[in-house]
Amino acid sequence: MTAPEMIPTSIVMKATALVKRYGHVTALDGMDFELRAAEILAVIGDNGAGKSSLIRALSGAAIPDSGEIVLDGRTVHFRRPIDARHAGIETVYQELAVAPAMSIAENLFLGREIRRAGFAGSALRMLDKKRMALESAGHMRELKIGIGAMTQAVETLSGGQRQGVAVARSAAFARHVVIMDEPTASLGVKEGMMVLELIRRVRDKGLSVVLVSHNMPHVFEIADRIHVARLGRRAAVLNPKAISMSDAVAVMTGAMRAEELPPEALS
Amino acid sequence: MLREEISRPADNWRERLPAVGTVGPLLALLVASAFFSAQSDRFLTGENLSLVLQQVMVVGVIAIGQTLIILTAGVDLSCGMVMALGGIVMTKLAAELGLPVPVAIACGIGVTTMFGLINGALVTAVKLPPFIVTLGTMNIAFAITQLYSDSQTVTEIPESMTALGATFEIGGTSIVYGVVLMLVLYLAAWFGLRETASGRHVYAVGNDPEAARLTGIATQRVLLGVYVIAGALYGVAALLSVARTGVGDPNAGQTENLDAITAVVLGGTSLFGGRGVVLGSLVGALIVGVFRNGLTLMGVSSVYQVLVTGVLVILAVATDQLSRRGAR
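All of these numbers come straight from a predicted model, not from anything done at the bench.

## Focus: the overall build of chain B
- Counting its secondary structure elements, chain B contains 13 helices and 2 strands.
- Taking 20 Å as the expected radius of gyration for a compact globule of 328 residues, we find that chain B reaches 21 Å, a close match to that expectation.
- If you line up chain B on its principal axes, its C-alpha atoms span 75 × 50 × 35 Å.
- Burial statistics for chain B: of 328 residues in total, 49% are counted as buried.
- Counting only contacts in chain B whose residues sit at least 6 apart along the sequence, the fraction spanning at least 24 positions is 77%.

## Thoughts on the pairing of strand β10 (residues 233–238) of chain A
Residues and elements named next belong to chain A.
- Pairing geometry for strand β9 (residues 225–230) and β10, over 5 bridges, is antiparallel. When the bridges of β10 are listed, A229 appears paired with R234.
- Counted along the chain from β9 to the antiparallel partner β10, the turn is 2 residues long, and its residue L231 has a positive phi close to 55°.

## Regarding the interface of chain B and chain A
- Facing the 27 residues of chain B at the interface are 29 residues of chain A.
- Of all the secondary structure elements, the ones that give two or more residues to the side of chain B that touches chain A are α1 (2–6), α2 (12–39), α8 (197–207) and α9 (209–214) of chain B.
- Looking at the side of chain B that touches chain A, the element that brings in the most residues is α8(B), giving 5 residues.
- Partitioned by chemical class, the residues of the side of chain B that touches chain A number 12 nonpolar, 6 polar and 9 charged.

## Notes on the packing of helix α4 (residues 79–95) of chain B against helix α10 (residues 219–245) of chain B
All names here are of chain B.
- In contact at an axis separation of 8 Å, α4 and α10 are set at 60° when each is read in the N-to-C sense. With respect to α10, the axis of α4 lies oblique. Like other packed secondary-structure pairs, α4 and α10 cross with a definite hand, here right-handed. Contacts from C79, V82, M83, G86, G87, M90 and T91 of α4 reach α10 at G231, Y234, G235, A237, A238, L239, S241 and V242.
- Among the residues making up the contact of α4 with α10, the classes are represented as 9 nonpolar, 6 polar and no charged.

## Some points on the nonpolar core
- Core analysis: the largest hydrophobic core is formed by 173 residues, its most contacted members being A:V210, A:L211, B:V61 and B:I62.
- Looking at this core element by element, the count peaks at 16 residues for α10(B).
- Taken together, domain 1 (10–101 + 157–265) and domain 2 (104–152) of chain A each give at least three residues to this core, which thus spans both.
- With residues up to four places along the chain from it excluded, the contact list for B:V61 reads B:M182, B:L185, B:L233, B:V236, B:A237 and B:L240.

## Structural notes on the packing of helix α7 (residues 177–195) of chain B against helix α12 (residues 278–297) of chain B
Residues and elements named next belong to chain B.
- Relative orientation of the contacting elements α7 and α12 amounts to 145°, with a least axis distance of 8 Å. Contacts between α7 and α12 involve Y186, A189, W190 and L193 on the former and, on the latter, V278, L279 and L282.
- For the contact of α7 with α12, the residue count by class is 7 nonpolar, no polar and no charged.

## Comments concerning unusual backbone geometry
Residue and element names in this part refer to chain A.
- Despite not being glycine, R125 has its phi angle at roughly 55°, a positive value.
- For R125, a count of 17 C-beta atoms within 10 Å corresponds to the partly exposed category.
- In this structure, E182 takes a positive phi of about 50° despite not being glycine.
- With respect to the element layout, E182 can be found in the loop between β7 (177–181) and α8 (189–204).

## Thoughts on the sheet that holds strand β8 (residues 208–212) of chain A
Residues and elements named next belong to chain A.
- If you trace the 6 strands from one edge of the open sheet to the other, you get β6-β7-β8-β3-β9-β10, paired in mixed fashion. Looking at strand neighbours, the two that pair on one side only are β6 (89–92) and β10, the edges of this open sheet. The mean inter-strand angle of the sheet, taken between neighbouring strand axes irrespective of direction, is 20°.
- As judged from the 4 bridges shared by strand β3 (residues 40–45) and β8, these two strands associate in the parallel manner. The residue bridging V43 from the neighbouring strand is V212, located in β8.
- Packed on one face of the sheet, helix α2 (residues 51–58) meets β3, β7, β8 and β9 and runs near 140° to β3.

## Focus on the pairing of strand β1 (residues 11–22) of chain A
Residues and elements named next belong to chain A.
- The pairing of β1 with strand β2 (residues 25–36) spans 9 bridges and is classified as antiparallel. Following the sheet pairing, M13 is matched in β2 by L35.
- The antiparallel hairpin formed by β1 and β2 contains 2 residues in its connecting segment, where G23 sits at a positive phi of about 60°.
- The pairing of β1 with strand β4 (residues 66–71) spans 5 bridges and is antiparallel. Note that in β4 the partner of T16 across the bridge is E68.

## Observations concerning the confidence of the model for chain B
Residue and element names in this part refer to chain B.
- Confidence in the prediction of chain B, expressed as mean pLDDT, is 90, and 92% of residues score 70 or more.
- For chain B, α1 is the element with the lowest average pLDDT, namely 40, and helix α5 (residues 101–124) is the one with the highest, namely 98.
- For this predicted complex, the interface score ipTM comes out at 0.83, while the overall pTM is 0.87.

## Here's the deal with the domain arrangement of chain A
Residues and elements named next belong to chain A.
- One can read the domain layout of chain A as domain 1 (10–101 + 157–265) and domain 2 (104–152).
- For domain 1 versus domain 2, the distance between C-alpha centres works out to 29 Å.
- Listed by partner, the interface residues are 13 residues for domain 1 and 11 residues for domain 2.
- Of all elements in the fold, only α7 (159–173) and α8 reach the threshold of two or more residues within the side of domain 1 that touches domain 2.
- Ranked by residue count, the leading element in the side of domain 1 that touches domain 2 is α7, at 9 residues.

## Quick look at the environment of A:K20
Residue and element names in this part refer to chain A.
- By the secondary structure assignment, K20 is in strand β1.
- By C-beta crowding, K20 is classed as buried, having 22 other C-beta atoms within 10 Å.
- Taking the C-alpha atoms as reference, K20 lies 5.0 Å from P64; in sequence the two are 44 residues apart.
- Setting aside anything within four residues of it in sequence, one finds K20 in contact with A27, L28, S53, A57, A62, P64 and D65.

Quick notes on the rules
- Residues numbered from 1 in each chain as written.
- Chains lettered and ligands numbered in written order.
- Predicted model: local features only at pLDDT ≥ 70, side-chain atom pairs only at ≥ 80, totals over all residues.
- Helix = DSSP H or I, 4+ residues; strand = E, 2+ residues; numbered from the N terminus.
- Rg over C-alpha atoms; globule rule 2.2 N^0.38 Å.
- Buried ≥ 20, exposed ≤ 12 C-beta atoms within 10 Å, placed from the backbone.
- Contact = placed C-beta atoms within 7 Å.
- Pairing = 2+ DSSP bridges.
- Nonpolar A, V, L, I, M, F, W, Y, C, P; charged D, E, K, R; others polar.
- Axes fitted to C-alpha atoms, helices over the stretch in contact; angles between N-to-C directions.
- Parallel < 35°, antiparallel > 145°, perpendicular 65-115°, else oblique.
- Left-handed = near helix turned anticlockwise from the far one by under 90°.
- Core = buried A, V, L, I, M, F, W, Y, C linked by C-beta atoms within 7 Å.
- Domains from an automatic or database assignment.
- pLDDT = per-residue confidence, 0-100.

Here it is, written out as structure tokens:
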């Protein structure tokens, strides 16, 4: 157990009592959330437990009706995904959000292109393709993604490699948090493992990762802590090293309450 | 192990496919030119080639706008009709209301740009399919053109309005200024699409609009911008058409309407969006022009020219479709 006074300094992102209603449906019903520095926090929950709504609120895709989100010690109000991005939060989506006919370098810098210096950049608005290719290669190398040519079109890559490009993009631009929404769901077994390895490397870079996944073996393999969402609230935060997969599922489905767990199973 | 998995190079032929896509049209143009020069001695003369360029300049400029729209996975069926309206507006304002020529031209281009804005707004804000929107505006533009002109050709337009139809000589071959303007516009579009962020965003939106949106690109703004720029280009094409014919013709743009789409598709731009090079559309326009011109020189009836154009389009789209299937 870590000393409680140590925790506040290491908290990167914290949400308190988030509420989000869609018509008569209450998606978030006072959800709390806490993310520490350089950890992989898995978010699990049954369908309708509020995990997507939580992620949408944290990534700026939805505005909570009430509640507070604090990032790096400051209260933030995200109105659009771009706000979260400017605050240093990047998101990787399940559906491989890349432009297939465009090159790896172009995909990495899509929407954040670097222009040339001087007249060519300011007046002609010319892109600095060389520098983007060079920096892309650097970002890919940092995560040990060994794709040779940055000018290669993304559609020539496999599904896992494409997701690798998406992960590299978020890791390159995130300053605090990378949110991964089911990043392995559309991949095969081997490619899924590859992406898990990448997620570890993103954490080892010092970034905090929020991993939403239905895949319990994946969650137990790489998560440092597990946030369990249930009925729009946080049911528990579990320590994957001290709890069995079936007990975690039991908490998730409501078959077991957090109070029934041994204290070391909670985190 | 991870490294080895990821660094597996893609199959060679697949990587080369896009290259075939850009070289193919040029090859087709060369083959067609070789064929017609074998058929007719008059084909490969400076005078005749200059004529082909002159015949192509109007559809060529329209095709730039059409390329931008097709790159976003849209299509503009109204291009020729909007151009005709622009031509009528600028000639009537100058010839009948006596407005200064630059003002009349600006008004004509303004009207076509407005149509681009309307198309773009309906596609982005109301989220209607471009095919339907432009089918509607095509008819609206045609009707307004007929009503406003009373279906009469506008004649006796000021001479300065047809200045772009004047020629200069290079090595004994006369070239129309309008052709130069067309080439400059192509180079500008090529540069913008290739070298600027906005240009790359056009490709990204056409590739996968959802992915583009998720990376933070203002996809609606990109789409709207593309339709507005296309509208402005139709206005320029209207000016070229007026310069070439010397009149404001309410029935202009009827062949150009579909020829522009044909040129873009022949030039290797995918109707599915996100792939293509704007210079290819110039090549595509030249292919159409060369076929028309060559078949005329051979004395083939114009009905067969239309037939050949139809076959060419289907061939080009089939190539696009098949190469896409191969790449998946």
